[in-house]
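If you want the building blocks of each chain, they are given just below.
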Amino acid sequence: MKLSNLFCNLKDMLNIVIFGAPGSGKGTQSENLIKRYNLAHISTGDVLRAEMKNGTELGKLAEGYIAKGQLVPDDVVIGMLANVLDTKKDAAGVIFDGFPRTIPQSDALDEMLKERGQEVSIVVSLEVEEPELIERLIKRGQQSGRSDDNMETIKSRLDVYKNQTSPLKEHYEKTGKLASIKGVGTVDEIFERIAEAVDKIK
Ligand code: B4P
């Protein structure tokens, strides 16, 4: 294969960042995106929870932050993401679910993709009001027993989102890659809104 063709193919990869407050439906909609577009999925939350379950050093470190509703430090999450990304080399693209969550993380993602001849294709931002977010997370906490789905931790996660993560929206708006999607309605309705935005850039 000619090098120029290889470069072209890499640029054609569909790399979707799914972005939103805790409880906005990132995980739920990622599942639908995987099925429709045949993409690999990286959820930093899922990776961290798996590390916690396996009792690894990383898991032990992450546990303290997650239980308090704080972000795990950038250098830790960025290193972890780079390792996971290397295992998805053969995919037609990747859904980044819950990453980036800070400006340094978004810079690191750009750099990692650039090194691989790729870039972020679209940033899907799920917009949901706070009372609905709280209701969803409390409900999930009752069913799943997830340690961070309790009222105190939810409040702190929402504050962290406002202060550290939501500034990324402005950042991505400047790149012209941000698609703001109303995240309220049935899962299928929301997914059709997302798919319409993704199909426009394909
Ligand atoms: P995550 O696992 O990413 O958790 P989250 O942002 O709280 O949202 P989650 O993905 O679980 O929920 P979703 O929006 O899908 O992160 C957990 C923690 O890990 C963070 O707080 C942080 O400490 C750490 N972490 C993760 N990534 C990090 C990073 N990059 N940097 C630093 N730290 C990091 O919401 C789904 C819920 O809503 C479900 O219960 C679902 O059933 C419900 N729902 C979905 N769609 C719905 C709809 N249309 N109507 C009604 N309910 C709906």
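Please refer to the structure higher up on the page.
The model shown is predicted, which means the values in this text are computed figures rather than measured ones. (Residues numbered from 1 in each chain as written. Predicted model: local features only at pLDDT ≥ 70, side-chain atom pairs only at ≥ 80, totals over all residues. Heavy atoms only, no water.)

(A) Highlighting the overall build of the chain. Looking only at helices and strands, one finds ten helices and five strands in the chain. Taken against the 2.2 N^0.38 rule, which gives 17 Å for 202 residues, the C-alpha radius of gyration of the chain at 17 Å falls within 12% of a compact globule. In the chain, 75% of the contacts between residues at least 6 apart in sequence involve partners at least 24 apart. With the model as given, the accessible surface of the chain reaches about 10,800 Å², and the carbon-plus-sulfur share is 51%. Computed over 28 positive and 32 negative side-chain charges, the inter-centroid distance for the chain is 2 Å. (Helix = DSSP H or I, 4+ residues; strand = E, 2+ residues; numbered from the N terminus. Rg over C-alpha atoms; globule rule 2.2 N^0.38 Å. Contact = heavy atoms within 4.5 Å. Areas by Shrake-Rupley, 256 points an atom, 1.4 Å probe, with all protein chains shown as cover. Lys, Arg positive; Asp, Glu negative; His and termini not counted. Charge placed at Lys NZ, Arg CZ, Asp CG, Glu CD.)

(B) Looking closely at the nonpolar core. Ranked by internal contacts, the top residues of the largest apolar core, which has 37 residues, are V17, I42, L81, L85, F96, L109 and V123. Beyond its immediate chain neighbours, meaning those up to four positions away, V123 contacts V17, F19, Y172, K177, L178 and A179. Core analysis: the next-biggest nonpolar cluster, separate from the first, contains 18 residues, L33, I95, I181 and A197 among them. (Core = buried A, V, L, I, M, F, W, Y, C linked by side-chain atoms within 4.5 Å. Buried < 20%, exposed > 50% of the residue type's maximum accessible area, 1.4 Å probe, protein only.)

(C) Up close: the environment of G117. Tracing the backbone through its elements, the reader meets G117 in the loop between α6 (103–115) and β4 (122–127). A residue is classified by how much of its surface remains accessible, and G117, at 14% relative accessible area, is buried. Remark: the alpha-carbon pair of G117 and A67, spanning 50 residues in sequence, is separated by 37 Å.

(D) Region of interest: a negative patch on the surface. Negative charge collects at one region of the surface, where D107, D110, E111 and E115 lie side by side. On the secondary structure map, D110 appears in helix α6. The class of D110 is partly exposed, set by a relative accessible area of 34%. (Patch = residues over 30% accessible without salt bridge, like charges linked within 9 Å, V, L, I, M, F, W, Y side chains within 5 Å. Salt bridge = Lys/Arg side-chain N within 4 Å of Asp/Glu carboxyl O.)

(E) Highlighting the packing of aromatic side chains. Going through the model one piece at a time under the given rule, you end up with one aromatic pair. With a centroid separation of 6.2 Å and an interplanar angle of 50°, the aromatic rings of F19 and Y161 are classed as tilted. Taken together, the positions of F19 in strand β1 (residues 16–20) and Y161 in helix α8 (residues 151–165) put the pair 142 residues apart, joining distant regions of the chain. Look at F19 and you get buried, because its relative accessible area is 3%. (Phe/Tyr/Trp six-rings, centres within 6.5 Å; stacked < 30°, edge-to-face > 60°.)

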